[in-house]
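# Architecture at a glance
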Amino acid sequence: MQLTRIAQAVLFGLFASHASAATLDSTRTQIAEQAQKLEPELLETRRDIHAHPELGNTEKRTAELVAKQLKAMGLDVKTGVARTGVVAVLKGALPGPTVALRADMDALPVKEVSDLPFASKAKSTYLDKEVDVMHACGHDAHTAILLSTAKILTGMRDTLPGTVVFYFQPAEEGPSDFIPDGKNTWGAKMMVEEGVMKSPKPDVVFGLHVWAGVPAGQIAYRPGATLASSDDLRIKILGKQTHAGRPWDGIDPITVGAQTIVGLQTVVSRRTDISSYPSVVSIGTINGGTRYNIIPESVDMTGTIRSYDYGIRQKLHADVRQTVEKIAESGGAKADVTIIEKYDPTINNPALTEKMLPTLKWAAKDDVVNAPLVGGAEDFSFYAKEVPGLFVFLGVTPRDQDMSKAAPNHNPGFFVDESALVVGVRTMASLATDYLYANAEAGK
């Protein structure tokens, strides 16, 4: 009797495994076919959004386009999230876990230089100044990809075991209407603060970013730390104004500022353990003085601090503050140091990454590579801080080009080879379905 039960259990396990494999194959076939069928609509949507870019916190037209398409699919749609974000919920007919998929919608204050028929001619206001606007980081592609993904998954609702939540968020590149001060929030962080990950609460979250310098259709991924944290560094050196011919009558903040810049280079090179992860402290602006023969009262500097580890990040902050303040003190000046934490490091959950690697390989037809650490930052990090997350890169540079010469993201010449976008749809749709089917029992 005992042997019979064991045999039955083995046979049931084999049958379930076979059924699961059959379901996976069938689902992937359906995704591939639908992604190809939807490609014309995908490209039309992407080109429409590309021609009408909007800056962070002003994505009203884009949000309306997104909401209209999602409502036409019969999804439960909420608008006005984190100012202009859109969230849609797809409930499958079968019980199972919950997966969140994210796309960002905002553009950049960059003037497009291409001769594409749908090139941007848009202008907008960035921090009270009129600027040209362009989707120079591919968020138009992200939005179009996720809309097509939603359409495919909605068509599979009757067999879908679980729930899929779609986040279309604003201001990933930052707000265009205010300067970050450490008090106001925007983008993904505001989405989380407003509760998008509470009801329904996802078990995992997936995101994708198109990337220049990677062959079109290739997927690059990295377990663990993937993108850096990003913190604003603002320094004011307070001296004493005097005639430049009598510097001894004052305190020169320009000289102290120069010493500060040199001293900051030792924070990483001599005080930070870079054996695990690199770090960067860079000064980007220096402003001080009004005339060649006047030593000014003060000098203002701004910069950025980047790291990939929470502990290293906090130590960097302390070391930067101490270095600046002590150098100023040694010159008789005072230093006011402000560090504004903007984006956390983006960390891919190692177990989830390993588990979903076969999915990535299927979506990209085995054209998958390991990604290097990226010095840029992403507010996808705030989602991945709440639940296990996986964020991957989709190559969009034409394969017949020299990858090293491709215009990078944020460049006026940034170009998306649209043949890669259908790979993005296969990726996002199969990440959702593969996870749902693999974890259907656990999610009941």
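Each remark here, short or long, concerns the structure printed above.
Let me sum up the structure you'll find in this document. From a predicted model like this one, the values you see are computed outputs, not experimental measurements. (Residues numbered from 1 in each chain as written. Predicted model: local features only at pLDDT ≥ 70, side-chain atom pairs only at ≥ 80, totals over all residues. Heavy atoms only, no water.)

So, about the overall build of the protein chain. Of the regular secondary structure elements, the protein chain holds nine helices and 18 strands. Dimensions of the protein chain along its principal axes, counting C-alpha atoms only, are 100 × 60 × 45 Å. Counting only residues that meet the buried cut, the protein chain has 53% of its 444 residues in that class. Partitioning the contacts of the protein chain with sequence separation of at least 6, the portion at a separation of at least 24 is 83%. (Helix = DSSP H or I, 4+ residues; strand = E, 2+ residues; numbered from the N terminus. Buried < 20%, exposed > 50% of the residue type's maximum accessible area, 1.4 Å probe, protein only. Contact = heavy atoms within 4.5 Å.)

Let us now look at a nonpolar patch on the surface. A cluster of nonpolar side chains, namely Y126, L127 and I179, defines an oily patch on the protein surface of about 240 Å² accessible area. The exposure class assigned to Y126 is partly exposed, which follows from its relative accessible area of 30%. (Patch = residues over 30% accessible without salt bridge, like charges linked within 9 Å, V, L, I, M, F, W, Y side chains within 5 Å. Areas by Shrake-Rupley, 256 points an atom, 1.4 Å probe, with all protein chains shown as cover. Salt bridge = Lys/Arg side-chain N within 4 Å of Asp/Glu carboxyl O.)

On to the environment of R83. Within the secondary structure, R83 is located in the loop between strand 1 (76-81) and strand 2 (85-91). Of the residues examined, R83 reaches a relative accessible area of 38% and is grouped as partly exposed. Taking the C-alpha atoms as reference, R83 lies 28 Å from I305; in sequence the two are 222 residues apart. Within the structure, R83 has its side chain in polar contact with the backbone oxygen of T185 (distance 3.3 Å). (Polar contact = N/O pair within 3.5 Å; in protein donor to acceptor, adjacent residues only side chain to side chain.)

By the criterion of burial, strand 3 (residues 94-104) is predominantly enclosed, with nine of the 11 residues buried. As paired strands, strand 3 and strand 6 (residues 161-169) are joined by eight bridges and run parallel to one another. Paired with D104 across the bridge in strand 6 is Q169. Two elements, strand 3 and strand 7 (residues 204-215), share four bridges in a ladder whose sense is parallel. (Pairing = 2+ DSSP bridges.)

A separate point is the sheet that holds strand 10 (residues 230-238). The strand order across the open sheet formed by four strands is 12-14-10-15, and the pairing between neighbours is antiparallel. Only two strands of the sheet have a single partner each, and these edge strands are strand 12 (280-288) and strand 15 (334-343). Strand-to-strand twist in this sheet, taken as the mean axis angle between neighbours without regard to direction, amounts to 20°. Note that strand 10 and strand 14 (residues 298-306) share eight bridges and pair antiparallel. Pairing of K236 across the sheet is with D300, part of strand 14. In this fold helix 6 (residues 310-330) packs onto strand 10, strand 12, strand 14 and strand 15, with an angle of close to 160° to the strand it touches most, strand 15. (Axes fitted to C-alpha atoms, helices over the stretch in contact; angles between N-to-C directions.)

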